[in-house]
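# An overview of the molecular structure
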Amino acid sequence: MQEIITPLLGWFALNKRELPWRQDRQPYHVWVSEIMLQQTRIEAVKKYYARFMEAVPDVRALSEIGDDALLKLWEGLGYYSRARNLKKAAVTVMEDYGGSFPRGFREIKALAGIGDYTAGAIASICFNERVPAVDGNVLRVIARVTGSRENVLLPEVKKRVTQQLSSIMPPQAGDFNEALMELGELVCLPNGEPDCAACPLQPHCAAFREGLTAELPVRIKKLRRGRAEKTVFLLTDVDGRIAIEKRAGQGLLAGMYQLPNDDGYYSEGEIREILGSRGLSPVSVVFLGEAKHVFTHIDWFMKGYRVTVENPCGRYLWAKDSELQTDYALPTAFQKILKMDKSSGN
C-alpha cells in the first residue's frame, strides 16, 4: 500500500480534471459539490452546481433560503433529503461557528447529512487533515490493488480499508484522496474493462497481475427491492392549471410537491368515482401511458391519466405550467407523467 503514494500523486498532478469546485479549496464549494455528487455523476452535477452557486453563493444564503426555493434548485438531482440537510447544516454553521465552516473531521461529521466520507473529503481537501475519504471508487481501486475478495458493500470491509489508508496517509492528504477517487472515475472503471495500460498503479496491482480485474471488487447486495403500483392523476381545470399537493413531511420525497396519485391501478370508471369522492367532476379521462421510476429501495410502476375537471376544489393547489417551471419542485417521477402528456400533444 505504501508504494502506491508516489505514482498516484504524480499521475494526479498531470491528469486531474478542471472542475468548478476545484477552482479553490473553499469548504462551502467542496461541501456542496460532494453532497451533489452522492448518487449523481460528475457531468450531470456541473450544471446544477453552477445554478446553485449563483442562487446560494455562501453558507449564510443557504441558511436563509426558503424550503420551496431550495427544493426547486435541487429539482432533478433526486434524494431531496440531501438538500434539506444542507440547509440544516448551514444553520448550524451560522449559529454555532459564526458562519465559518468547522475545520476538523469530527466537527464536520457532526453536521447534518455528513458521514465519514464527506467529512474526510472536506477535512482533507480544504484543511489537509490526514484522514481518508472512502467512497465506491476508492473501495474498487483498493480491492483491485490488494486483490481482496471481500464484499466491499459490507461496513466492516469499508472500515478496514479506511484503517489501511489512514496508516499510509501522506502529508498531501487532499491530493491523495482526490487522486484515488479520480483514478476510480477515469481509469479503474466500475463497468467494462479498466484502462490498466494508463494506470499508474499497474505495477502494484494484484488484480492486474492475476487477471482478476473483471471479478474484483466483490459486490454482493442483500437488499430486496420493493415494488409499488400507482395511478397518477394529471388533473387540469378549464384554464389549464394543474393540481399539485404537498407530500407528508416524513418518508420518501418528504415535503415535496407531487401530482395526486393513488396506490394500485384503476379503470376509468373507478377513477371518476375516486375523484368524485374528492369533490371533483371529471369532464374527460385520458390514459397517457406507463412509466417506471427507480428509487434506492423501491420501484414505482405508474399509469398516468390526464383528467380535465370543471370545478377545481380547494383540496389541491392549482398551478400554471409556468409556475411548475419556476416555483414548485416536482420530483422526477412525476415529471415523467408531465412529459408523457406533452408528447401526446396536449
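Each value, and the rule that gives it
- Residue numbering note: each chain is counted from 1, following its sequence as written.
- Since the coordinates come from a predicted model, pLDDT governs what is reported: local features require at least 70, and pairs of side-chain atoms require 80 or more to be given and counted, while whole-chain, interface and lining totals use all residues.
- The side-chain quantities take in all heavy atoms of the structure and omit both hydrogens and water.
- A run of H or I in DSSP counts as a helix once it spans at least four residues, and a run of E counts as a strand once it spans at least two, with each numbered from the N terminus.
- Residue contacts are counted whenever heavy atoms from the two residues lie within 4.5 Å of one another.
- Scored between 0 and 100, pLDDT is the confidence that the predictor attaches to each residue.
- Salt bridge, as used here: a side-chain nitrogen of Lys or Arg that lies within 4 Å of a carboxyl oxygen of Asp or Glu.
- Only protein chains enter the accessibility calculation, which uses a 1.4 Å probe; a residue is then buried when its area is under 20% of its type maximum, exposed when over 50%, and partly exposed in between.
- Axis angles are defined between N-to-C directions and span 0 to 180 degrees, where every axis is a line fitted to C-alpha atoms and, for a helix, only to the segment in contact.
- Comment on the angle field: the value is read as roughly parallel under 35 degrees, roughly antiparallel over 145, roughly perpendicular from 65 to 115, and oblique elsewhere.
- Crossings are sorted by hand: turned counterclockwise from the far helix by less than a right angle, the near helix makes the crossing left-handed, and turned clockwise it makes it right-handed.
- Two rings from Phe, Tyr or Trp (for Trp, the six-membered ring) form a pair when their centres sit within 6.5 Å of each other. Planes less than 30 degrees apart are called stacked, planes more than 60 degrees apart edge-to-face, and all others tilted.

Right, let's talk about the environment of P282 for a bit. Tracing the chain through its elements places P282 in strand β5 (residues 282–294). Each C-alpha atom, one on P282 and one on Q258, is 20 Å from the other, the two residues being 24 residues apart in sequence. Beyond its immediate chain neighbours, meaning those up to four positions away, P282 contacts R272, L275, V307, T308 and V309.

Chain-level pLDDT for the protein chain is 94 on average; 99% of the residues reach the 70-or-more range. Across the protein chain, the secondary-structure element scoring lowest on mean pLDDT is helix α14 (residues 321–326), at 91, and the one scoring highest is helix α4 (residues 59–64), at 98.

A few words now on the pattern of salt bridges. What the rule picks out here adds up to 21 salt bridges. As a salt-bridge pair, E178 and R22 come within 2.9 Å of each other at their nearest N and O atoms. Pair noted here: E178 is in helix α11 (residues 173–186) and R22 is in the loop between α1 (5–15) and α2 (27–37), with a separation of 156 residues, a long-range link. Relative accessible area serves as the criterion here: at 9%, E178 is assigned to the buried category. Under the relative-accessibility criterion, R22 is labelled partly exposed at 22%. One connected set of salt bridges, linked through shared partners, spans R17, R22, R25, D175, E178 and E182.

Bringing the packing of helix α8 (residues 116–127) against α11 into the picture now. The contact between α8 and α11 brings their axes to 7 Å, and the two run at 130°. Between α8 and α11, the interaxial angle falls into the category oblique. In the crossing of α8 with α11, the sense of the turn from one axis to the other is left-handed. Counted together, Y117, G120, S124 and I125 of α8 and A173, G174, N177, E178 and M181 of α11 form the full contact between these two elements.

Attention shifts here to the packing of aromatic side chains. The final tally for this structure, using the stated rule, is nine aromatic pairs. Seen in terms of ring centroids, W21 and Y49 are 5.2 Å apart; in terms of plane orientation they differ by 75°. Their pairing is edge-to-face. With W21 in the loop between α1 and α2 and Y49 in helix α3 (residues 42–55), this residue pair connects regions lying 28 residues apart in the sequence. There is no split in this pair, since W21 and Y49 are both buried. Between W31 and F101, the aromatic rings sit 5.3 Å apart at their centres with planes inclined by 50°, giving tilted as the arrangement.

Our next topic: the packing of helix α9 (residues 136–146) against α11. Two elements in contact, α9 and α11, have axes separated by 8 Å at closest approach and are oriented at 85°. Considered as vectors, α9 and α11 are oriented roughly perpendicular to each other. Contacts from N137, V138, R140, V141 and I142 of α9 reach α11 at L180, M181, L183, G184 and E185.

Here the focus is the environment of Y328. Structurally, Y328 can be placed in the loop between α14 and α15 (332–343). Between the C-alpha atoms of Y328 and E270, which are 58 residues apart in sequence, the distance is 29 Å. With sequence-adjacent residues up to four places away left out, Y328 is seen in contact with K72, E75, I244, Y257, L317, A319 and E323.

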